[in-house]
Amino acid sequence: MSLVRAHTIGVSLDGFATGDGQSLEAPFGHAGMRLMEWFFPTRTFQSATGHRERMEVDPAADPDDAFAARAWEGIGAEIMGAGKFGPPGWQDDADWTGWWGEEPPFHTPTYVLTHQPRESIEMKGGTVFHFRDAPIEEVLAEAQEAAAGQDVRIGGGPSSLRDFLAAGLVDHLHVAVVPIILGRGVRLWDGLEALEDGYEVTSTTTPSGVTHITFDRTQVAR
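Residues numbered from 1 in each chain as written. Predicted model: local features only at pLDDT ≥ 70, side-chain atom pairs only at ≥ 80, totals over all residues. Heavy atoms only, no water.

Asker: For this particular structure, what's the right way to read the overall build of the chain?
Answerer: For the chain, the count of helices and strands is five helices and eleven strands. By the compact-globule yardstick of 17 Å for 222 residues, the chain fits well, its C-alpha radius of gyration being 17 Å. Sorting the 222 residues of the chain into buried and exposed places 44% on the buried side. For the chain, restricting intrachain contacts to residue pairs at least 6 apart in sequence, the fraction spanning at least 24 positions comes to 66%. Mean positive and mean negative side-chain charge positions of the chain (16 and 33 charges, respectively) differ by 3 Å. (Helix = DSSP H or I, 4+ residues; strand = E, 2+ residues; numbered from the N terminus. Rg over C-alpha atoms; globule rule 2.2 N^0.38 Å. Buried < 20%, exposed > 50% of the residue type's maximum accessible area, 1.4 Å probe, protein only. Contact = heavy atoms within 4.5 Å. Lys, Arg positive; Asp, Glu negative; His and termini not counted. Charge placed at Lys NZ, Arg CZ, Asp CG, Glu CD.)

In structure tokens:
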């Protein structure tokens, strides 16, 4: 059965999954890159972004890489929110094709949730961005069909992921709790009281100081 998964979601100790003031120059707002610094030295990140030949892989990051690598296994389609695809106002820029250059790392059909849809964009490497203004259940059904039996990844940002969690649509969730306090931004957990009910929850702390928490649904109803 096709599962719905979310991975490598960086969250601060006070629950923020992105900072305040997102812009072209600051994709995570005032948080900078601190929520994802554990991810950048991993083999998974450097392979996915083509940096492996230019950056030395740190073996100390292998415990984190064990979690990072799972994000790419068996994924047939991606869903992301408008804030992950671009900074505020990208919908008004007809030339904007995302943060990732000519060859994004997804290599699958990728559905962007936005109130201003546009024509699909086919990128190098197999990523095709589709823009949808529809209920999340409808977008998920379309993504599952496109995934052809593989899993669907909910890529974030936190507001979109929270909607899928609140609707009970996520089968596996991996968050990386980073030991920083942001104080402001967009929280992941608001409105999700007792989310842990119905999930098996495990946690692992790695040498980077990050605690990886996974939620696996005990029964997949769909």
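Asker: Just checking my understanding: could you explain the pairing of strand 4 (residues 109–113) for this structure?
Answerer: Put simply, side chains in a regular strand alternate between the two faces of the sheet. For strand 4, the buried fraction is high: four of the five residues fall into the buried class. The sheet contact formed by strand 3 (residues 75–81) and strand 4 spans four bridges and is parallel. Its bridge partner being in strand 4, methionine 80 is matched across the sheet by valine 112. Bridge count for strand 4 against strand 6 (residues 128–132) is five bridges, and the pairing is parallel. Residue tyrosine 111 lies in a different strand from strand 6, and its bridge partner there is histidine 130. (Pairing = 2+ DSSP bridges.)

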